[in-house]
Structure formats: structure tokens, C-alpha cells
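# Architecture and fold: a report
This is what each chain is made of:
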Amino acid sequence: YDALHNVWLISTLPIGNNTSVAVSRSTDGIHWSNPITVTGSSSADKNWIVCDNTATSPYYGHCYSEWDNTSQGDLIQMSTSTDGGQTWGPALATAGPDYGIGGVPVVQPKGKVVVPILGFFGYVTAFSSTNGGKSWTRAVKVASYISHGEAGGIRSAGLISSAVDANGKVYVMWPDCRFRTNCSSNDVVYSTSTTGTKWSAVTRCRSMRLQARWI
């Protein structure tokens, strides 16, 4: 939801045309616009979207779309809209450039955008922007990613999830087996950060466990 422009936005990957990431708009959640192109690349995947809804933020009303470009080795890309999703800026890579899948951007109250993502080479990573999406930092490591694969060949990417609280603390969660003997099953684990650059030690959610076997 974009509070400044009073509009709901749905980000999707259309099938059957040349638009790879598109957004539909609605002011009532019932009637929706035709899709609006975010990127014309035909190789985008794992898209997500967020808007800055803090009225005191210098970037109030900015919306941010994230995806990875599979034709470029899952290059992470971002685009920004300042008019309620009607138009979108160019696709920008991080300063790395960095590669990964399943990024979930969140916005802190002062307007900093933090994007946790499942990076490659065995790490959860995160990158950010402090200038309203004009540029994006190089990704930093949040923690190593150690996950037990599901039995039976079930497809499961084990992607991350993230959230931000009212004070701006960012939480990133993922399935992980580091606390289990011989990595026998997954727990939900998490790390937190107030800066997006320095992250806490990995903690297990003790009320949640993911069983990686048939019942």
C-alpha cells in the first residue's frame, strides 16, 4: 500500500507477453488497472515490492520493486516509483554487483530501504539504499545459510522472509539446520539489524520447527 498516493499495488510476473515484472494499481482493492511495466526484461524472477509509508520520511511515497535477472546469472535489480506505481525508473544493480534470489525489501522509518535476500555461495545477504532508490549498496553477509533439503525430491527453494518493526529494527528469517544434530531437520532462524549492515548472531525461533521428512 502506498499511503501518500492512496493506492494499492500488486507486483506480478505476467505470462505470455514480453513484460517480465508488472504492477497493477487499485484505490479500493476491488477494481484494478491494467498491468504497468516495471521492467521489460523477459528474464525476471522472484519479484517483491514495498512502499515507504512513514509521513516524516524524506522519501515518503517512494515504492521499490525488486527482482533477479536470470539471464544475467540472477543479477539483483531494483526499480523505484515516485508516483504511486504509474511509472518506474530504470533497473539498477547493486554496487557489487550482487547475485541472489528472493529478496524482500523493507523500509525503515527514516526512509532507508533494506533488502535481505538469499545470496549465493551459502549466505543470506542484505543491501540497502539511503537516497530513495537512486543507488544501492554492495550486499553484506547476514549469516551463513545451512539448510536440510526436503525428502522425496520436493522442490523448495528455502527462501528468506523479512519484516521491520515500528522502531526500524529489521528481521530476516529462513529455514536452517545448524541447531540440529547432523543437520537432520530445519528450524526457523532469524537475525536482526538496526542498520542493515551489522547483523545479530543467528537465533532459533524455539516455537517453530520445520520438519524435513515425510510424516
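To start, this report covers the structure provided alongside it. (Residues numbered from 1 in each chain as written. Predicted model: local features only at pLDDT ≥ 70, side-chain atom pairs only at ≥ 80, totals over all residues. Heavy atoms only, no water.)

Counting buried residues along strand S6 (residues 75–81), seven of its seven residues qualify, which places the element largely inside the surrounding structure. Here strand S5 (residues 63–69) runs beside S6; their pairing, made up of seven bridges, is antiparallel. Bridge assignment links Ser 65 to a residue of S6, and that residue is Ser 79. Where S6 lies against strand S7 (residues 92–93), two bridges are found, and the strand directions are antiparallel. By the bridge assignment for S7, Gln 77 is matched with Ala 93. (Buried < 20%, exposed > 50% of the residue type's maximum accessible area, 1.4 Å probe, protein only. Helix = DSSP H or I, 4+ residues; strand = E, 2+ residues; numbered from the N terminus. Pairing = 2+ DSSP bridges.)

Here we take up the sheet that holds S6. Taken in spatial order, the four strands line up as S4-S5-S6-S7 in an open sheet, and their pairing is antiparallel. With one partner strand each, in any of the chains shown, strand S4 (44–51) and S7 form the two edges of the open sheet.

Within the secondary structure layout, Ser 129 lies in strand S11 (residues 123–129). With relative accessibility at 1%, the residue Ser 129 sits in the buried group. Within the structure, Ser 129 has its side chain in polar contact with the backbone oxygen of Ser 135 (distance 2.9 Å). Ignoring sequence-local partners within four residues, the contact set of Ser 129 consists of Gly 111, Lys 112, Val 113, Lys 134, Ser 135 and Trp 136. (Polar contact = N/O pair within 3.5 Å; in protein donor to acceptor, adjacent residues only side chain to side chain. Contact = heavy atoms within 4.5 Å.)

Among the nonpolar cores identified, the biggest contains 17 residues, and Leu 118, Val 124, Val 142, Ile 160, Val 172, Trp 174 and Trp 199 are the most heavily contacted of them. Residue assignment for this core shows that the elements contributing at least two residues are strand S10 (113–119), S11, strand S12 (140–144) and strand S14 (170–176). For this core, the leading source of residues is S14, giving three residues. Every residue in contact with Val 142, bar those within four places of it in the chain, is listed here: Val 124, Thr 125, Ala 126, Val 172, Trp 174, Ser 191 and Trp 199. Counting 12 residues, the second largest nonpolar core, distinct from the first, contains Leu 9, Ile 36, Val 38 and Ala 44. (Core = buried A, V, L, I, M, F, W, Y, C linked by side-chain atoms within 4.5 Å.)

A grouping of Tyr 1, Trp 8, Ile 10 and Trp 32 is seen on the molecular surface, where their side chains present a nonpolar patch of about 400 Å² in accessible area. Examined against the element boundaries, Trp 8 turns out to sit in strand S1 (residues 8–12). On the accessibility criterion, Trp 8 (42% relative accessible area) is partly exposed. (Patch = residues over 30% accessible without salt bridge, like charges linked within 9 Å, V, L, I, M, F, W, Y side chains within 5 Å. Areas by Shrake-Rupley, 256 points an atom, 1.4 Å probe, with all protein chains shown as cover. Salt bridge = Lys/Arg side-chain N within 4 Å of Asp/Glu carboxyl O.)

The final tally for this structure, using the stated rule, is three aromatic pairs. With a centroid separation of 4.5 Å and 45 degrees between ring planes, the pair formed by Tyr 1 and Trp 8 is classed as tilted. You can call Tyr 1 partly exposed: its relative accessible area is 36%. With 5.9 Å between their ring centres and 90 degrees between their planes, Tyr 64 and Trp 136 make a pair best called edge-to-face. Here the residue Tyr 64 occupies a position in strand S5, and Trp 136 occupies one in the loop between S11 and S12, the gap between them amounting to 72 residues. (Phe/Tyr/Trp six-rings, centres within 6.5 Å; stacked < 30°, edge-to-face > 60°.)

So, about the sheet that holds strand S2 (residues 21–26). The strand order across the open sheet built from three strands is S1-S2-S3, with neighbouring strands paired in antiparallel fashion. One side of each edge strand has no neighbouring strand; the edge strands of this open sheet are S1 and strand S3 (36–39). Across the sheet, the mean angle separating the axes of adjacent strands is 30 degrees when strand polarity is ignored. Inspection of the sheet shows S2 paired to S3 by three bridges, in the antiparallel sense. Among the inter-strand pairings, Val 23 is bridged to a residue of S3, identified as Ile 36. (Axes fitted to C-alpha atoms, helices over the stretch in contact; angles between N-to-C directions.)

So, on to the pattern of salt bridges. For the coordinates displayed, the defined rule picks out four salt bridges. Between Lys 46 and Asp 45 there is a salt bridge, with the nearest N and O atoms lying 2.9 Å from each other. Judged by relative accessible area, which is 24%, Lys 46 ranks as partly exposed. A salt bridge links Arg 204 to Asp 187; the nearest nitrogen and oxygen atoms lie 3.9 Å apart. One end of the pair, Arg 204, is in strand S16 (residues 203–210); the other, Asp 187, is in strand S15 (residues 186–193), and 17 residues separate them in sequence. Overall, the relative accessible area of 0% leaves Asp 187 in the buried class. Residues joined in a network through salt bridges with shared partners are Arg 180, Asp 187 and Arg 204.

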